[in-house]
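# A look at the structure
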Amino acid sequence: MKISTVTLLSVIGTAAASGPQISVSVRDGSFDSLSGGLDPTLTWSTNGSSGDYDLEFGLEANVRATSDIASLPKSYWGKASREMGAWGVSAQADIDASNLSSADIEINAENADNDVSVKVLGSATGSSFSVSSVEATKTMKSGDATITVNPAYDVGSGDATVAFGYDSGDTSKSEFHI
């Protein structure tokens, strides 16, 4: 039995308070019909809270008639955020629907009082977690100028960089790399 696109959209649309968004992309290539060259995609997200945690999650799915509803999702994502002392901390997982055994992970911590933030990118598979990069950003005022220091480390390549930014209104340099 084929599930019509209208039925699927009705079910998902009813479940979403803010409603899904639909976009249509045009694919390269030769196709027998107009619909073969179109790639309609539904994007849906929602948010809520549980205790001290703010939660967000969503999905991106194909919009087409099919008897295999499990083939429609392209990706899923979820994010949990909370305040921990002076730090705002969040962790987000992005999962490709074609490979449910792994997830891309982004962990952020920001201290607005001290103008410092830290970002860790990695991946999780089963019970293991591996870090791919770590970076921090520190912003400082010096008179009328703003100075930004951004050290970063790529675990895979072993490359470490430090970028400096300077802005004093009339004079601005976005990055110096070391």
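All of these numbers come straight from a predicted model, not from anything done at the bench.

### Considering the overall build of the protein
- The number of helices and strands found in the protein is one helix and 11 strands.
- Residues classed as buried in the protein amount to 16% of the 178 residues present.
- Sequence-distant contacts, at least 24 apart, represent 17% of the contacts inside the protein between residues at least 6 apart.
- Counting only carbon and sulfur atoms, one obtains 53% of the accessible surface of the protein, whose full area is about 11,700 Å².

### Regarding a negative patch on the surface
- Where like charges cluster on the molecular surface, the negative patch consists of Asp 94, Asp 96, Asp 104 and Glu 106.
- Every element with two or more residues in the negative patch is listed here: β5 (87–96) and β6 (102–111).
- Within the secondary structure, Asp 96 sits in strand β5.

### Let's talk about the packing of aromatic side chains
- In this structure the tally under the stated criterion is one aromatic pair.
- Centre to centre, the rings of Trp 44 and Phe 57 are 5.8 Å apart; their planes meet at 70°, and the pair counts as edge-to-face. On the criterion of sequence distance, the pair formed by Trp 44 in strand β2 (residues 38–50) and Phe 57 in strand β3 (residues 53–62) is long-range, its members being 13 residues apart.
- A relative accessible area of 14% places Trp 44 in the buried class.
- Positioned above the aromatic ring of Tyr 53, the side-chain terminus of Arg 82 is 5.1 Å from the ring centre.

### Considerations on the nonpolar core
- If you look at the biggest cluster of nonpolar residues, it comprises five residues: Leu 42, Trp 44, Leu 59, Ala 61 and Val 63.
- Among the secondary structure elements, those contributing two or more residues to this core are β2 and β3.

### Describing the confidence of the model for the protein
- Per-residue confidence for the protein averages 82 on the pLDDT scale, and 75% of its residues sit at or above 70.
- Within the model, the stretch residues 1–17 combines pLDDT values under 50 with 22 contacts to residues more than four positions away or in other chains.

### Here we look at the side chain of Asn 111
- Summarising the element assignment, Asn 111 is placed in strand β6.
- Asn 111 sits in the buried class, given a relative accessible area of 4%.
- A distance of 3.0 Å separates a polar atom in the side chain of Asn 111 from the backbone nitrogen of Asn 114.
- When residues no more than four places from it in sequence are discounted, the contact partners of Asn 111 are Ala 86, Trp 87 and Val 116.

### Some details on a nonpolar patch on the surface
- Taken together, the side chains of Ile 107, Val 118, Phe 129, Val 131, Val 134, Tyr 153 and Val 155 make up a nonpolar region of the molecular surface, amounting to roughly 500 Å² of accessible area.
- The dominant element in the nonpolar patch, judged by the number of residues it contributes, is strand β8 (residues 128–142), at three residues.
- Tracing the backbone shows Tyr 153 in strand β9 (residues 145–154).

Cut-offs applied
Residues numbered from 1 in each chain as written. Predicted model: local features only at pLDDT ≥ 70, side-chain atom pairs only at ≥ 80, totals over all residues. Heavy atoms only, no water. Helix = DSSP H or I, 4+ residues; strand = E, 2+ residues; numbered from the N terminus. Buried < 20%, exposed > 50% of the residue type's maximum accessible area, 1.4 Å probe, protein only. Contact = heavy atoms within 4.5 Å. Areas by Shrake-Rupley, 256 points an atom, 1.4 Å probe, with all protein chains shown as cover. Patch = residues over 30% accessible without salt bridge, like charges linked within 9 Å, V, L, I, M, F, W, Y side chains within 5 Å. Salt bridge = Lys/Arg side-chain N within 4 Å of Asp/Glu carboxyl O. Lys, Arg positive; Asp, Glu negative; His and termini not counted. Charge placed at Lys NZ, Arg CZ, Asp CG, Glu CD. Phe/Tyr/Trp six-rings, centres within 6.5 Å; stacked < 30°, edge-to-face > 60°. Lys NZ or Arg CZ within 6 Å of the ring centre and 35° of its normal. Core = buried A, V, L, I, M, F, W, Y, C linked by side-chain atoms within 4.5 Å. pLDDT = per-residue confidence, 0-100. Polar contact = N/O pair within 3.5 Å; in protein donor to acceptor, adjacent residues only side chain to side chain.

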